[in-house]
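Notes for the structure review
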Amino acid sequence: ALAEAGDTPPEEKGTWHAGTCQGCTSWCAKQVYVVGDRAVKVRGNPHSKVCVGASCVRAHMALQQVYDPDRIKTPMKRTNPKKGRHEDPGFVPISWDEALDTLADKIMALRDADETHKYMLMRGRYTYMRDILYDRMTKIIGSPNNISHSAICAEAEKFGSYYTEGYWSYRQYDVKKARYVLIWGADPLAANRQVPFYTSVWGDVMERARVAVVEPRLSATAGKADEWLPIVPGQDSALALAIAHVILTRGLWSREFVGDFKDGSNRFVPGQTVDESTFDEAFTHGVVAWWNLEVKDRSPAWAAEKTGLPVAQILRVAEDFGKAAPRAISWVGGGPSMQVRGGYGSMACHALNGLVGACDNEGGTLVSNKEYTRKFPKPDAFMDDIAKKGKKHEKIDQRGRLTFPALKSGKPGSAVLTNNAADGILNEDPYEIKVAVGYMNNFTFSCTQPDRWERALAKIPFVAHLTTHASEFSWFSDLLLPNTHHLFEKYGYVKSIANGYRHVTLMQPVIKRIGDYKTDETEVPWLLAEKLSQRGFDNLLRHYKEYRDPETGKEPTTADEFSLYALKYATQSLWDPAQYKGGDKFNGWKEFLETGVWNSDPYPYRKRWGKMKTATEKFEFYSVTLKNALEKHAKKHKTTVDEVLSACNYEAQGEHAFIPHHEDPFTIGDADTYPFVFVDHKSRLNREGRSANCTWYYDFKDLDPGDEPWQDVAKINPADAKKIGIKSGDTIRITSPTGTIECTAKLWEGIRPGTVAKCFGQGHWAYGRVAAGEFGKTPRGGNNNDLIPAEYDRLSGSTVRHAGTRVKIERI
Ligand code: MGD
Ligand code: SF4
């Protein structure tokens, strides 16, 4: 179908060029049709085995983004020294020379004062060229403070798979071979990774498999599913444990993966403890311990009370899921994970993949295929004494403190706490930040309780923003550096997985830049390195000169050469036949650039069975890996694991800390004052936070079930609306314990009574003339983040978006 769409180019004389879309973390291989100097159409790249040539609806809005008249076209500096929401920054255009001179002077002042740790780099969306700016530059300047946006994305999703099967990343799902797909708080037809692939095969999936969706709102995927389970927000672990209970008591677990009782008779009887020595476990660890500690008491009747779902539905879903083993997928999204106690929710939902043997198996849940890109040269030899000393300071996000275990990949204090950096800056704890650079991020909008970011940025003496638009973050900046658009204007690469493959897909400049744009991760750091070198600090430039062109051995001499050579350097093993390691084979750089995408070898099923990267090398229902990590963190703070968990708002004590278990949701606001639980969700049209100034976003907003074109609606169940006297179209005020927004009411049956759902994305007061009500003054609609308190799943460092707050609704 795609080939057909592409077969009718709008103009004879145009040409297709390979590129990559980063409208969301799917990172799809695309092709761009260019006529003259202009891009006029975008389609899926048929060479990708991950995207299978397909596209999603929001991909097309990239065209509106790149030619948006509100883009910043030249560097700008602030002329109003006062910073605040109601202070016009008074930006005036300047040259790149002046802009980079200013930034270089600020960095040199930190180096001269031996306080390079007061430099901070904030990263939003990125390509894999990121380390040039994010890692190498920050280290060589001498700061520990490279803060990514990962913890406001979906890190808690990774917690479940890491502490059961030793894999800290997003999974791919073998839907083409599955017989049951059970989806938790994810919407693959709209937002959850590899939308083009999943939408293109979903019709076949529905014919072969049953699909059940667990979510308080009727999502795009739920609307097409066999079962919709409109759960009470935050009770996912109760449902997952009841499903585990049914699977074990009815004998539906995978004998091949989990093992069996020595005498073959099933001793998993509700409420009864089992003797561990009677069970021979195969590729898993602790199934009987998990049963004894938790699962034996988690009956469907118990879960029905917690989840608000009928017993019959819980039983039906559990049995059908179990009977489909091992081709039964438990698909864990942000819904059950990005909650205060979401680390355990994520583990509980993911553990089902272990029980049915779907993990690493055909028709199940898979990890990443191997790929062969190369890391950039090491920075160590270019870090002088000032840099080494600066780098040793504690990070500004306070990760690793008692209340922030941030246990990425088993290491305490290793996960980023994006949103808490605002508090670190505001309280100068551990110290003040003096110079900050942000790129492709908008934390003053995208983080919960964003007013903290407004105050934090206003406090930093010098902020530079590398951006395409004057967003809410830009409003508090001193310098705006206009950036290239990823799909059409820059070199880079990203990696992604689906359909049993991994691809590495390239970005390349294919159109004429109509503004004075430069690329955030390559050209800007090179030009800045030149400025620093002119000031007597040439370490960064000398380091970047190591990124030689693999074809000619030439070192880069300009920003343009640097961005091209760095890309060729990182991807050499994919295109250089002399370095071939696997997957697609190319004759050289030119062919790779034209094709635009490299595909891995197909997925090697069951290779990880018995070799998982956990402490026991098995799939852990009793997580020795988590026990080790928590004990390490407790020891560092001279306390116990129990103390750590209560300081971090979890209920678990004793052995429960190490197993997937149930905890009631931790939701801010009392039910009398705030009767509704707030449900935040993503849009089919959100290019993360970057489509807000596209008119198509508003024209087609009703592609999101329940939403309305050109409106920002809160979806309320008609039964609830009747009680509070609200009709569709009413202007309403929604208030939580941390903020208030105004928007429009929409009565809709697709939302669980007692909850109110609103799509994330609107409520901008900057960004552009379409995005804002009145640019710099009033928002269009309301930003959900104003309502959601800045809370965390502290074990993973993730920001909380779900089951996080209660709200009240008033008509105005
Ligand atoms: P964006 O909001 O996408 O990124 O949050 P952030 O990482 O903060 O903003 C990117 C900003 O970069 C834009 O506002 C613009 O200023 C600039 N920009 C746009 N295009 C480009 C470009 O091509 N190059 C450069 N250099 N700059 C550009 C995203 C984050 O938001 C994510 S990933 C998720 S998953 C979360 N989703 C989410 C949600 O679902 N609900 C709620 N309530 N909050 C959320 N916040 C999170
Ligand atoms: Fe892929 Fe996301 Fe771009 Fe759609 S918006 S084409 S799913 S990267």
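None of the values given here were measured: they were computed from a predicted structure.

Cut-offs used in this document
Residues numbered from 1 in each chain as written. Chains lettered and ligands numbered in written order. Predicted model: local features only at pLDDT ≥ 70, side-chain atom pairs only at ≥ 80, totals over all residues. Heavy atoms only, no water. Core = buried A, V, L, I, M, F, W, Y, C linked by side-chain atoms within 4.5 Å. Buried < 20%, exposed > 50% of the residue type's maximum accessible area, 1.4 Å probe, protein only. Contact = heavy atoms within 4.5 Å. 1 Å grid on protein atoms, 1.4 Å probe; cavity = no way out; pocket = protein on both sides within 12 Å on 5 of 7 lines; lining within 4 Å. Points joined across faces, edges and corners; volume = space filled by probe spheres on them. Nonpolar A, V, L, I, M, F, W, Y, C, P; charged D, E, K, R; others polar. Axes fitted to C-alpha atoms, helices over the stretch in contact; angles between N-to-C directions. Helix = DSSP H or I, 4+ residues; strand = E, 2+ residues; numbered from the N terminus. Parallel < 35°, antiparallel > 145°, perpendicular 65-115°, else oblique. Left-handed = near helix turned anticlockwise from the far one by under 90°. Salt bridge = Lys/Arg side-chain N within 4 Å of Asp/Glu carboxyl O. Phe/Tyr/Trp six-rings, centres within 6.5 Å; stacked < 30°, edge-to-face > 60°. Lys NZ or Arg CZ within 6 Å of the ring centre and 35° of its normal.

**Re the nonpolar core**
Among the nonpolar cores identified, the biggest contains 77 residues, and Leu182, Ile243 and Leu630 are the most heavily contacted of them. Setting aside its immediate chain neighbours within four residues, Ile243 contacts Leu182, Trp184, Val317, Ala318, Phe321 and Leu352. One finds Tyr119, Val437, Ala464 and Trp589 within the second-largest nonpolar core, a separate group that totals 63 residues.

**Focus: the layout of surface pockets**
A water-sized probe, rolled over the atoms, reveals where empty space remains. If you add up the space inside the second largest pocket, you get close to 170 Å³. In this structure, the second largest pocket is lined by Val232, Pro233, Pro665, Thr667, Pro675, Val677, Arg752, Pro753, Gly754, Thr755 and Arg806. Considered class by class, the residues forming the lining of the second largest pocket number six nonpolar, three polar and two charged.

**Considering the packing of helix H6 (residues 155-165) against helix H15 (residues 342-355)**
H15 packs onto H6 with a crossing angle of 55 degrees between their chain directions and a minimal axis gap of 7 Å. Judged by the inter-axis angle, H6 sits oblique to H15. Two packed elements cross with a definite hand, and for H6 against H15 that hand is right-handed. Residues Ala156, Glu157, Phe159, Gly160, Ser161, Tyr163, Thr164 and Glu165 of H6 pack against Gly343, Ser346, Met347 and His350 of H15. Taken together, the residues of the contact of H6 with H15 break down into four nonpolar, six polar and two charged.

**Quick look at the environment of Gly345**
Relative to the assigned elements, Gly345 resides in helix H15. Along the sequence, Gly345 and Ala156 sit 189 residues apart, while their C-alpha atoms lie 9.1 Å from each other.

**Here we look at the pattern of salt bridges**
Applying the stated rule across the entire model yields 63 salt bridges. A salt bridge links Arg606 to Glu362, with the shortest nitrogen-to-oxygen separation between them at 3.4 Å. With a gap of 244 residues between them, Arg606 in the loop between strand E22 (597-599) and strand E23 (619-620) and Glu362 in the loop between H15 and strand E16 (365-366) connect regions that are remote in the sequence. A relative accessible area of 23% places Glu362 in the partly exposed class. With its nearest N and O atoms 3.8 Å apart, the salt bridge here joins Lys723 to Asp720.

**Structural notes on the packing of aromatic side chains**
Inspection of every chain in the model, using the stated rule, returns 49 aromatic pairs. The rings of Phe257, Phe283, Trp290, Trp609, Phe619 and Phe621 are connected pair by pair, giving a single aromatic cluster. Just above the ring of Tyr170 sits the side chain of Lys158; from NZ or CZ to the centre is 4.6 Å. Above the face of the Tyr580 ring, Lys585 is positioned so that its terminal group lies 4.7 Å from the ring centre.

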